[in-house]
Amino acid sequence: MNETEKTQLLGMTPDELAAYLKALGQPAFRAKQVFSWLHQGAAFEQMSNLPKALRETLAETCTANPVAVLETIESKLDGTIKLLYRLPDGHVIEGVLMRYKYGNTLCLSTQVGCRMGCAFCASTLDGCARSLTPAEMLGQIVCANGVLAPQGQKVGNIVLMGSGEPLDNYDNVVKFLRILRMEGGLCIGMRSVSLSTCGLVENMRRFAQEDLPVTLSLSLHAPNDEVRKKLMPVARKYGMDDVLDACRYYIEKTGRRVIFEYALVHGVNADPAQAVELAGRLRGMQCHVNLIPLNSVPERGLTGVTEREVDAFRHALEQKGISVTRRREMGDDIEGACGQLRRRYIKDNNLNCET
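Residues numbered from 1 in each chain as written. Predicted model: local features only at pLDDT ≥ 70, side-chain atom pairs only at ≥ 80, totals over all residues. Heavy atoms only, no water.

To continue, consider the overall build of the chain. Across its full length, the chain carries 11 helices and 14 strands. Relative to the compact-globule value of 20 Å for 355 residues, the chain shows a C-alpha radius of gyration of 21 Å, a close match. Overall, the C-alpha framework of the chain stretches about 70 × 45 × 40 Å when taken along its three principal axes. Contacts spanning at least 24 positions in sequence make up 67% of the contacts within the chain whose residues lie at least 6 apart. Surface summary for the chain: the accessible area is close to 15600 Å², and the carbon and sulfur share equals 46%. Taking the 42 positively charged and 41 negatively charged side chains of the chain as two groups, their mean positions are separated by 3 Å. (Helix = DSSP H or I, 4+ residues; strand = E, 2+ residues; numbered from the N terminus. Rg over C-alpha atoms; globule rule 2.2 N^0.38 Å. Contact = heavy atoms within 4.5 Å. Areas by Shrake-Rupley, 256 points an atom, 1.4 Å probe, with all protein chains shown as cover. Lys, Arg positive; Asp, Glu negative; His and termini not counted. Charge placed at Lys NZ, Arg CZ, Asp CG, Glu CD.)

Our next topic: the packing of helix 1 (residues 14-22) against helix 2 (residues 29-40). At a minimum axis separation of 8 Å, helix 1 and helix 2 run at an interaxial angle of 120°. The angle between the axes of helix 1 and helix 2 places the two elements in the oblique class. Between helix 1 and helix 2 lies a crossing of right-handed hand. Of the residues in helix 2, those in contact with Pro14, Leu17, Ala18 and Leu21 of helix 1 are Arg30, Ala31, Val34, Phe35 and Leu38. Split into classes, the residues belonging to the contact of helix 1 with helix 2 amount to 8 nonpolar, no polar and 1 charged. (Axes fitted to C-alpha atoms, helices over the stretch in contact; angles between N-to-C directions. Parallel < 35°, antiparallel > 145°, perpendicular 65-115°, else oblique. Left-handed = near helix turned anticlockwise from the far one by under 90°. Nonpolar A, V, L, I, M, F, W, Y, C, P; charged D, E, K, R; others polar.)

This part is about the pattern of salt bridges. Under the counting rule described, the total for this entry stands at 13 salt bridges. The closest approach of N and O atoms between Glu136 and Arg130, which form a salt bridge, is 2.9 Å. Looking at Glu136, the relative accessible area reads 2%, which means it is buried. A relative accessible area of 21% places Arg130 in the partly exposed class. A salt bridge links Glu210 to Arg178; its shortest N-O distance comes to 2.6 Å. With Glu210 in the loop between helix 6 (201-207) and strand 11 (215-219) and Arg178 in helix 5 (residues 170-180), this pair connects stretches of sequence that are 32 residues apart. Since its relative accessible area comes to 17%, Glu210 is described here as buried. Among the charged side chains, a salt-bridge network with shared partners connects Asp89, Arg130 and Glu136. (Salt bridge = Lys/Arg side-chain N within 4 Å of Asp/Glu carboxyl O. Buried < 20%, exposed > 50% of the residue type's maximum accessible area, 1.4 Å probe, protein only.)

Relative to each other, helix 9 (residues 272-282) and helix 10 (residues 307-319) sit at 30°, their axes nearing to 8 Å. Our pair here, helix 9 against helix 10, has a crossing hand that is right-handed. Contacts between helix 9 and helix 10 pair Pro272, Gln274, Ala275, Val276, Leu278 and Ala279 from the former with Ala312, Phe313, Ala316 and Leu317 from the latter. Within the contact of helix 9 with helix 10, the residues separate by chemical class into 9 nonpolar, 1 polar and no charged.

Before going further, it helps to spend a moment on the nonpolar core. Ranked by internal contacts, the top residues of the largest apolar core, which has 103 residues, are Leu106, Ile158, Leu177, Leu180, Phe207, Phe260 and Leu317. The element contributing the most residues to this core is helix 4 (residues 134-148), with 8 residues. Leu180 has contacts with Leu138, Ile141, Ile158, Leu186, Cys187, Ile188, Met190 and Val193, leaving out every residue within four places of it along the chain. (Core = buried A, V, L, I, M, F, W, Y, C linked by side-chain atoms within 4.5 Å.)

A separate point is the side chain of Thr215. With respect to the helices and strands, Thr215 occurs in strand 11. Taking relative accessible area as the criterion, Thr215 reaches 11% and is therefore assigned buried. Here Arg256 takes part through its side chain, which lies 3.0 Å from a polar atom of the side chain of Thr215. Among all residues touching Thr215, those that are not within four sequence positions of it are Met190, Val193, Ser194, Leu195, Arg256, Arg257 and Ile259. (Polar contact = N/O pair within 3.5 Å; in protein donor to acceptor, adjacent residues only side chain to side chain.)

Okay, the sheet that holds strand 14 (residues 324-326) next. Across the sheet, 10 strands lie side by side as 3-4-5-6-9-10-11-12-13-14; this open sheet has mixed pairing. Unpaired on one side and paired on the other, strand 3 (68-74) and strand 14 mark the two borders of the sheet. Direction aside, the axes of adjacent strands within the sheet are offset by 25° on average. When strand 9 (residues 155-160) meets strand 10 (residues 193-197), the two strands line up parallel, connected through 3 bridges. Opposite Ile158, over in strand 10, you have Val193 as the bridge partner. (Pairing = 2+ DSSP bridges.)

Here the focus is the packing of aromatic side chains. Considering all chains together, one arrives at 4 aromatic pairs under this definition. Each ring, one from Phe207 and one from Tyr250, has its centre 6.2 Å from the other, and the planes form 5°; the classification is stacked. Note that Phe207 is positioned in helix 6 and Tyr250 in helix 8 (residues 240-254), a separation of 43 residues in sequence. The exposure classification of Phe207 matches that of Tyr250, with both residues buried. An aromatic cluster is defined as three or more aromatic residues linked by ring pairs; in this entry it consists of Tyr170, Phe207 and Tyr250. Seen from the ring of Tyr249, Arg205 lies directly overhead, with NZ or CZ sitting 5.0 Å from the centre. (Phe/Tyr/Trp six-rings, centres within 6.5 Å; stacked < 30°, edge-to-face > 60°. Lys NZ or Arg CZ within 6 Å of the ring centre and 35° of its normal.)

Of note in the backbone geometry, Cys187 takes a positive phi value of approximately 55° without being a glycine. Tracing the backbone shows Cys187 in the loop between helix 5 and strand 10. Among the residues examined, Cys187 registers a relative accessible area of 45% and is labelled partly exposed. A positive phi is found at His221, a non-glycine position, where the angle reads about 65°. Relative to the helices and strands, His221 resides in the loop between strand 11 and helix 7 (225-231).

Read these as spatial facts, not as claims about activity.
Written out as structure tokens, the structure reads:
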């Protein structure tokens, strides 16, 4: 059977697994066993407490993990690991495994590419080929745990900030999050998860009601609509007032503060006067601003800022009482910016990223 035709068991809940296995004549308790094995990264032949006939049947018709690691690159500067993954249909995606004193954080992708068109992002240059399944998102974590296993470590924190707009893949992302926190699986709580969105207002409000209190990170990148439209096509549909109102609604429903991601672009949004304007917009909101010196994207003609510009912008926000930090740069020597490794791999192998 072709890999793309096989059933992706990793994306099933225990109840769904029980129903699937019941159709194969298996008792309900098998579901718990299979669920645990899948999230440990086991191949079917390694699932030692399953009957041999069942293992053989599953191997023929199902996939334990639809994601495979193609390449890993480790930073000599800080131990950050860039992961290039292959999907069953041949598409490639990437993730970043960041090592902190408090644990390991995986930045994972939710789509193959992205259709949001943000000017500063390499992931969107070729558009979005398709959305990822829950199994393909969970599989990235299982693979990363395999990379960490020799050190006796696991992924403890998740950021949905890789390729793709998570809320553009709404149903699959919500199911992924529900499975992510289940006992017997990866068992990662929602307070250890951050989800980044460019501001799809209706889905932001819908997500606030899902009882999935992750940290919401909004890609803001501008103090007003005029500047935001230059950087983010989504701003032509959703104005800043509507986006910030959706953030306030999320805070009200979840009790979690919102993180505003702000990529500083020289000559576009990095003037201290713009910081003052931004502070006025955010005053009184339970939030934090994360300043990100731009990773230059030659295809877009955008350049980063100096440390002096970063400091001036941060100081202006602090003077207005806004909580702000400068994001720690990690993986600079391994194509750490989102989408860069994937684009290099596609180019080197003469692949068509649209199919």
